[in-house]
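Topology and contacts: notes
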Amino acid sequence: MTGLQDHLHGLWLPLVTPFRDGALDERSLRRLTRHYSGQAVDGFILGATSGEGMTLRAAELERLVAIVRDEMAAGRRTLPICLGLSGADTSRLKEHLDETADWPIDGYLIASPYYVRPSQRGLLAHFEALADHAAWPIALYNIPYRTSVNITNQTLLRLAEHRNIVGLKDCGANREQSIALLRDRPKGFRVLTGEDANYLEALTDGADGGIVLSAHVETATFAAVHAEVTRGNHDAAQARWHEVAELTRLLFAEPSPAPAKYWLWRCGLIDSPEVRLPMVEVSSELAAALDREIERRMKVAA
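The protein has the name 4-hydroxy-tetrahydrodipicolinate synthase in an unreviewed UniProt entry, where Bradyrhizobium japonicum is given as its organism. Under Subcellular location (unreviewed entry), UniProt gives the following word-for-word description of the protein: "Cytoplasm". Regarding the protein, the UniProt comment filed under Function (unreviewed entry) reads as follows: "Catalyzes the condensation of (S)-aspartate-beta-semialdehyde [(S)-ASA] and pyruvate to 4-hydroxy-tetrahydrodipicolinate (HTPA)."

1. Thoughts on the pairing of strand β7 (residues 138–142)
With five of five residues buried, β7 is to be regarded as a mostly interior element. Of the two faces of β7, both are covered, the one formed by I138, L140 and N142 as well as the one formed by A139 and Y141. In this sheet, β7 lies alongside strand β6 (residues 107–111) in parallel orientation, the contact comprising four bridges. In the strand pairing of β7, L109 is matched with A139. Note that the unit made of β6, helix α5 (residues 120–133) and β7 has a crossover that is right-handed. As paired strands, β7 and strand β8 (residues 165–170) are joined by five bridges and run parallel to one another. What sits directly across from I138, in β8, is I165.

2. Concerning the layout of surface pockets
What the largest pocket holds in volume is close to 840 Å³. What lines the largest pocket is a set of 35 residues, and nearest its centre among them are G47, G53, M54, T55 and S86. Taken together, the elements giving at least two residues each to the lining of the largest pocket come down to α3 (58–74), β5 (81–85), α4 (90–99), β6 and α6 (144–147). Here the lining of the largest pocket takes four residues from α4, the largest share from any one element. Classifying every residue of the lining of the largest pocket gives 17 nonpolar, twelve polar and six charged. Size it by volume and the second largest pocket reaches roughly 330 Å³. The wall of the second largest pocket is formed by 21 residues, among which Y145, R146, G194, D196 and F252 lie closest to the centre. By residue class, the composition of the lining of the second largest pocket is eleven nonpolar, five polar and five charged.

3. Here's the deal with the pattern of salt bridges
In this structure the tally under the stated criterion is 24 salt bridges. A salt bridge links R175 to E201; its shortest N-O distance comes to 3.3 Å. In this pair, R175 is assigned in helix α8 (residues 175–184) and E201 in helix α9 (residues 199–205), connecting sequence segments 26 residues apart. R175 sits in the partly exposed class, given a relative accessible area of 41%. We classify E201 as partly exposed; its relative accessible area is 32%. The partner of E218 in a salt bridge is R297, and the shortest N-O contact between them spans 3.0 Å. Here E218 is found in the loop between β10 (209–211) and α10 (219–230), whereas its partner R297 is found in helix α14 (residues 284–301), with 79 residues between them in sequence. What makes R297 buried here is its relative accessible area of 12%.

Reading the values: rules and limits
- Residues numbered from 1 in each chain as written.
- Predicted model: local features only at pLDDT ≥ 70, side-chain atom pairs only at ≥ 80, totals over all residues.
- Heavy atoms only, no water.
- UniProt positions renumbered as here; feature names shortened; annotations may be inferred.
- Buried < 20%, exposed > 50% of the residue type's maximum accessible area, 1.4 Å probe, protein only.
- Helix = DSSP H or I, 4+ residues; strand = E, 2+ residues; numbered from the N terminus.
- Pairing = 2+ DSSP bridges.
- Right-handed = clockwise from strand over helix to strand, strands pointing away.
- 1 Å grid on protein atoms, 1.4 Å probe; cavity = no way out; pocket = protein on both sides within 12 Å on 5 of 7 lines; lining within 4 Å.
- Points joined across faces, edges and corners; volume = space filled by probe spheres on them.
- Nonpolar A, V, L, I, M, F, W, Y, C, P; charged D, E, K, R; others polar.
- Salt bridge = Lys/Arg side-chain N within 4 Å of Asp/Glu carboxyl O.

Written as structure tokens, this is what we have:
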């Protein structure tokens, strides 16, 4: 494990958390880790939105990290791990940082406080307090359509000056704000898009990579899009993106990660599509659409 800042680029996978009969499905988790460690993935996010982290007990979250790290150690490739944390109480989050300080991770992905809608001064004080306290580097997570508060660029640029804040998962859904941040950010501050449907657009605008749920499927194609943009081959990047653009809409047709879990279950990577309430499994209509797309892609691959 080395500095998170050096690794916060390219294609990161916000790994789903497999469940079976209400419990963490360790066998499926090991299978997922082996599979994606062998793909063109640059890092894992564990226990964040796609990993249903808000439904995980502390012991489950610790076990999740331990299994992924153990499975990578047994394989041929070790990837950096960011642990997703969220909450609306700064003091409680500092306790979480203490509880996880000796876990085998490389950093944290921390979302804005939800529901309470703090001011920009409050956001600044909140994240600075966490960054001062954390044993591992922090990547911020700006996702106002879930938290009801946007971290403005003025606040982000102040936070980017902190030695322990190294990047951002950008789900601001405001391209103008994102472009301005990419233009004004200090050297070394990483910005990865978290908007699957805007992955190519964000890379073209200068983002360092993406944290992309849809990359559970067609992983190599998502990695190739980033590689082609990096090489300046925008026509090739557009062609590869065309192969997966519709997939990003299908996998978010109902609340995520239920569609992705259904896909992974149908393809044999996890043993159950189970999610935890208040999430529910996909509708019969979406299941049929996913089945058709899986069949179509299997025929193309053949």
